[in-house]
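Per-entry structural report
Take a look at the letters that make up each chain.
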Amino acid sequence: MTSYAEFHHRSLHDRDAFWAEQARLVDWHKPFTQVCDHSRPPFARWFVGGTTNLCHNAVDRHVPTRGGQNALIFVSTETDQERVYSFAELHAEVQRMAAILRELGVKKGDRVLVYMPMIPEAAFAMLACVRIGALHSVVFGGFASVSLASRIDDAEPLVVVSADAGSRGGKVVPYKPLLDEAIQLSKHKPKKVLMVDRGLAPFARTAGRDEDFAPLREKHLAAQVPCEWVEATHPSYTLYTSGTTGKPKGVQRDTGGYAVALAASMKHIFLGQPGETYFSTSDIGWVVGHSYIVYGPLIAGMATIMYEGLPIRPDAAIWWSLVEKYKVTSMFSAPTAVRVLKKQDPAALKKHDVSSLRALFLAGEPLDEPTAKWIADALGRPIIDNYWQTETGWPILTICNGVEKLPSKFGSPGKPVYGYDVRLIDENTGQELTGASQKGVVAIEGPLPPGCMQTVWRDDERFVKTYWSSIPGRQIYSTFDWGIRDDDGYLFILGRTDDVINVAGHRLGTREIEESISSHPNVAEVAVVGVADPLKGQVAMAFAVLKDPGQADTPEKALKLEGAIMKVVDEQLGAVARPSRVRFVTVLPKTRSGKLLRRAIQAVCEGRDPGDLTTIEDPGALQQVKDLVGAR
Ligand code: PRX
């Protein structure tokens, strides 16, 4: 067995041979002629000349050998449904969906926006898109009309696939009115809307545009739609994520590199074997859902559980009951979910046999030591932290147990994953920090390994400018996270360097929230910061300057206005983006050149020293924030 250090070294120094070997984990229609084309950095083209198909690798190729085995296990504790699709059944469903999309006019290269709850049809839609070479763009169901409209305008989908409603905690959450409103707001108008009617919420149909899924599925019951063999570099999807500006970025992913990266990660990181069951508790609206609910497990020939519902309903044992029932071998969740469970009855974890689990993988936000210890003790199974981003599509830092069982360290996701040339860089000088315990920006030397973003959708310039030009004097990929390294080469993540916040594992841009709050007629100016929270990791906190302060001059009036502003955010962006508080101030802390001092506001909210304030325009502004949070 090779040591992990050798494995990682080889992935960087014998890069092409390393990845050519990993590429054998997937099927190719036409073999590639070049492993990596890095002739136009920072762009990297993987497996050039090869043709393949993501849906073929996730579904079709398993049908002859394991057609009768479980592929997709849908469990909804919201609607009390449980449906299991074998690989053969999934194959049939995906072809039906593909035939419908074709009938609606979708061709290779077209975009299909998926705005759906966690139901099987969402996975069928994703797989059907890549089957015919169309790009899916999944928008998280928790986002509301304005968020959705901006994504519609950027992706310009020919078709939107949606559903009448989702459900959360037993409460029906209608989707269609939000979608209709988003299409009203957007400049681009999708030609067709394909509606899955779950019978949860009646909805209006726009004649000529809206089509019902059920009758079309009946019509195409026997559909046979072959996979379209696409270039390895053909984009498979775009997925929007927040950054420093208010405008979300469309992360564009390829086909061949993504298939190889996921297949390799299932083997080396997630320890999955064909015929076993994988359970990721994420949502298809996020990158974890793309990589480790839909594509990764299926590419590996595993069954994947798609779960609609809360972790604590009907009780806190629900997830573990599924682990027992389906003999889940790898499970993937987020620290916030574990913290939620921790507040429940500890006996819930003892009710079920979870011995099938090889490990519980946690990602998306920092894993604090008490949470890690609690779940490790309660579960009695290994807990593996992993750090990555929407942009990379698969882990950057973790422990690759499939290669070598290295020890974990509390508070650290682990070491750089094979393929990633991770560096710590001084943000001001661009110098590399090689010593232990030096804080720097976590950066990755190009080329990014297979599976990572190709570019920003339709905006190469933004890709180069945002990710590869933020560190002076170097063309190196910035993760926009702070990190330090210890003597053993383990990295620790210390939070974002930009205006992105992480609320319950959901990545949100403070600028987007600020833009939404500013649209309230009484708001002159606003600052939103992320503040540490024991349950959610961070929460958004807003400080607003009013045009008419008289509307908040009593506690009652202030509370009413605060509620009205929160409602604006709920309606425009969705409840996920709602700040935990909106407080009113007469002036915001800014530098003399007018730059908002977000980090100082954040520090004060967290009871920390705000640091160097020599450039502040009006020290009284920060005092106002201090007084407000002190009175919390
Ligand atoms: O700040 C880091 C944090 O989440 C960001 C990426 O979020 P997203 O694009 O939604 O992708 C999540 C994929 C799992 C990162 O820039 N983050 C993610 N994982 C960890 C983390 N912070 C600390 N520890 C982690 N394991």
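The structure reproduced in this document is the subject of the present report. (Residues numbered from 1 in each chain as written. Predicted model: local features only at pLDDT ≥ 70, side-chain atom pairs only at ≥ 80, totals over all residues. Heavy atoms only, no water.)

1. Side note on the packing of helix α6 (residues 120-131) against helix α11 (residues 287-299)
For the pair α6 and α11, interaxial distance at closest approach is 11 Å and the crossing angle is 60 degrees. For the element pair α6 / α11, the angle class is oblique. Here the hand of the crossing between α6 and α11 comes out right-handed. On α11, the residues touching Ala123, Met126, Leu127 and Val130 of α6 are His290, Val294, Tyr295 and Leu298. Of the residues in the contact of α6 with α11, the class split is seven nonpolar, one polar and no charged. (Axes fitted to C-alpha atoms, helices over the stretch in contact; angles between N-to-C directions. Helix = DSSP H or I, 4+ residues; strand = E, 2+ residues; numbered from the N terminus. Parallel < 35°, antiparallel > 145°, perpendicular 65-115°, else oblique. Left-handed = near helix turned anticlockwise from the far one by under 90°. Contact = heavy atoms within 4.5 Å. Nonpolar A, V, L, I, M, F, W, Y, C, P; charged D, E, K, R; others polar.)

2. As for the sheet that holds strand β27 (residues 491-496)
Judged by pairing direction, the sheet is antiparallel, and its four strands sit side by side in the order β23-β24-β26-β27 without closing on themselves. Each edge of the open sheet is held by one strand with a lone partner, namely β23 (421-425) and β27. With direction set aside, neighbouring strand axes in the sheet form an average angle of 45 degrees. Bridging between β23 and strand β24 (residues 440-445) involves five bridges; their strand directions are antiparallel. Bridge assignment links Leu424 to a residue of β24, and that residue is Val442. (Pairing = 2+ DSSP bridges.)

3. Some details on the side chain of Arg131
Considering the arrangement of structural elements, one finds Arg131 in helix α6. Of the residues examined, Arg131 reaches a relative accessible area of 2% and is grouped as buried. (Buried < 20%, exposed > 50% of the residue type's maximum accessible area, 1.4 Å probe, protein only.)

4. Considerations on the nonpolar core
Core analysis: the largest hydrophobic core is formed by 120 residues, its most contacted members being Trp19, Leu127, Tyr292, Tyr295, Trp394 and Tyr418. It is α6 that contributes the most residues to this core, nine residues altogether. Counting residues in each nonpolar core, the second largest holds 40 residues, with Leu148, Leu179, Val526 and Ala540 among its members. (Core = buried A, V, L, I, M, F, W, Y, C linked by side-chain atoms within 4.5 Å.)

5. Examining the site of the ligand
In the vicinity of the ligand lie 17 residues, with Asn386, Thr390, Asp481, Arg496 and Arg507 positioned nearest. Measuring from a nitrogen atom of the ligand, one finds a backbone N or O atom of Gly364 at 3.0 Å. Contact between the ligand and Asn386: a nitrogen atom at 2.8 Å from a main-chain N or O atom of the residue. Burial of the ligand by the surrounding chains reaches 95%, relative to a free accessible area of 540 Å². (Near = heavy atom within 4 Å. Polar contact = N/O pair within 3.5 Å; in protein donor to acceptor, adjacent residues only side chain to side chain. Areas by Shrake-Rupley, 256 points an atom, 1.4 Å probe, with all protein chains shown as cover.)

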